[in-house]
Amino acid sequence: MTVTQSEPVTGGTVVEGLPKVVRTRPRPATAAGCATPRAPHPRPAGQDRYTISEVAEHTGLSAHTLRWYERIGLMPHVDRTHTGQRRFTNRDLDWLELVSRLRLTGMPVADMVRYAELVREGESTFPEREELLTRHREDVRQRIADLQSTLDVLDYKIDIYADARRASERF
């Protein structure tokens, strides 16, 4: 199980959907229990105006996925050039980081889209956003507990085989 602790977000990073006074980011703890800051991903060199290919390379998402996110309402409005090409901003990259983390936790796309809608509606939706995330956090905690239980079974079985191997090596 990974242990995390929260640290304030610095360096101008804004986590969309969280009030500015409550911006925290979990940091993975080392085995010794000391938290180490996560190195930020370098941004593409576009000075806050990135092409879809730059964003795809930066995030690991395909251009098709980025267009789909926009089409289903998961991405906020993405600016376009006079020729219609998408131009993403640092704020878009921050949002995609959050979406990637939500996907990693197994949040259904429909819930992510609902969350995005609530963010766009403004601060009046804080209670509903909190409820959505709290409910999902409980699902994640249950999955972690299930995985921990499975890991315990694997450890038990590995210990049996390791003990048997050591016993056979003695003879």
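The rules we used
- Residues numbered from 1 in each chain as written.
- Predicted model: local features only at pLDDT ≥ 70, side-chain atom pairs only at ≥ 80, totals over all residues.
- Heavy atoms only, no water.
- Helix = DSSP H or I, 4+ residues; strand = E, 2+ residues; numbered from the N terminus.
- Buried < 20%, exposed > 50% of the residue type's maximum accessible area, 1.4 Å probe, protein only.
- Contact = heavy atoms within 4.5 Å.
- Areas by Shrake-Rupley, 256 points an atom, 1.4 Å probe, with all protein chains shown as cover.
- Arc of directions from axis to C-beta.
- pLDDT = per-residue confidence, 0-100.
- Phe/Tyr/Trp six-rings, centres within 6.5 Å; stacked < 30°, edge-to-face > 60°.
- Polar contact = N/O pair within 3.5 Å; in protein donor to acceptor, adjacent residues only side chain to side chain.
- Salt bridge = Lys/Arg side-chain N within 4 Å of Asp/Glu carboxyl O.
- Axes fitted to C-alpha atoms, helices over the stretch in contact; angles between N-to-C directions.
- Left-handed = near helix turned anticlockwise from the far one by under 90°.

Each helix and strand counted, the protein has five helices and four strands in total. In sequence order, the secondary structure elements of the protein are arranged as β-β-α-α-β-β-α-α-α. Out of the 171 residues belonging to the protein, those deemed buried represent 26%. If you take every contact in the protein between residues at least 6 apart in sequence, the share linking residues at least 24 apart comes to 47%. Accessible surface, the protein: about 11,700 Å² in total, of which carbon and sulfur atoms supply 55%.

For helix H2 (residues 63–72), the complete set of buried residues consists of Thr65, Leu66, Tyr69 and Glu70. With its buried residues spanning 140° around the axis, H2 presents them on a single face. Structural note: H2 exposes His64 and Arg71 on the side pointing more than 90 degrees away from its buried face. Taken together, the buried residues of H2 touch helix H1 (52–59), strand S3 (79–80), strand S4 (86–87) and helix H3 (90–104). Phi for Gly73, located one or two positions after H2, is positive at around 90°.

Reading fine detail from the predicted coordinates is not recommended where pLDDT is low. Summing up the model confidence of the protein, the mean pLDDT is 81 and the portion of residues at 70 or higher is 73%. Every residue in residues 17–40 is under pLDDT 50, and counting partners more than four places away or in other chains gives 41 contacts.

This paragraph deals with the packing of aromatic side chains. Inspection of the entire model under this criterion finds two aromatic pairs. Where Trp68 meets Tyr69, the ring centres are 5.8 Å apart and the plane angle is 40°; that geometry is what we call tilted. When the ring of Trp95 is compared with that of Tyr115, the centres are 6.2 Å apart and the planes differ by 10°; the resulting orientation is stacked. In this pair, Trp95 is assigned in helix H3 and Tyr115 in helix H4 (residues 109–121), connecting sequence segments 20 residues apart.

Mapped onto the fold, Gln85 is located in the loop between S3 and S4. The partly exposed category is assigned to Gln85, whose relative accessible area is 46%. When the C-alpha positions of Gln85 and Thr51 are compared, they lie 7.6 Å apart, and in sequence the two are 34 residues distant. Gln85 has contacts with Asp79 and Arg80, leaving out every residue within four places of it along the chain. Side-chain polar atoms of Gln85 contact the side chain of Arg87, separated by 3.5 Å.

What follows is about the pattern of salt bridges. Tallying each qualifying case throughout the model produces eleven salt bridges. The partner of Arg101 in a salt bridge is Glu97, with the nearest N and O atoms 2.8 Å apart. Taken together, the residues span about one helical turn, with Arg101 and Glu97 both in helix H3 at a distance of four residues. Here Arg166 makes a salt bridge to Asp163, at a shortest N to O gap of 2.5 Å. Linking Arg166 with Asp163, this pair stays in helix H5 (residues 126–170), spanning three residues, or about one helical turn.

The topology assignment puts Thr125 in the loop between H4 and H5. Among the polar contacts made by the side chain of Thr125, one reaches the main-chain carbonyl oxygen of Leu118 at a distance of 2.7 Å.

Running from N to C, H3 and H4 point in directions that differ by 145°, and their axes come no closer than 10 Å. Relative to H4, H3 is oriented so that their crossing is right-handed. Residues Trp95, Leu98, Val99, Leu102 and Arg103 of H3 form the contact with H4, whose own contacting residues are Val109, Met112, Tyr115, Ala116 and Val119.

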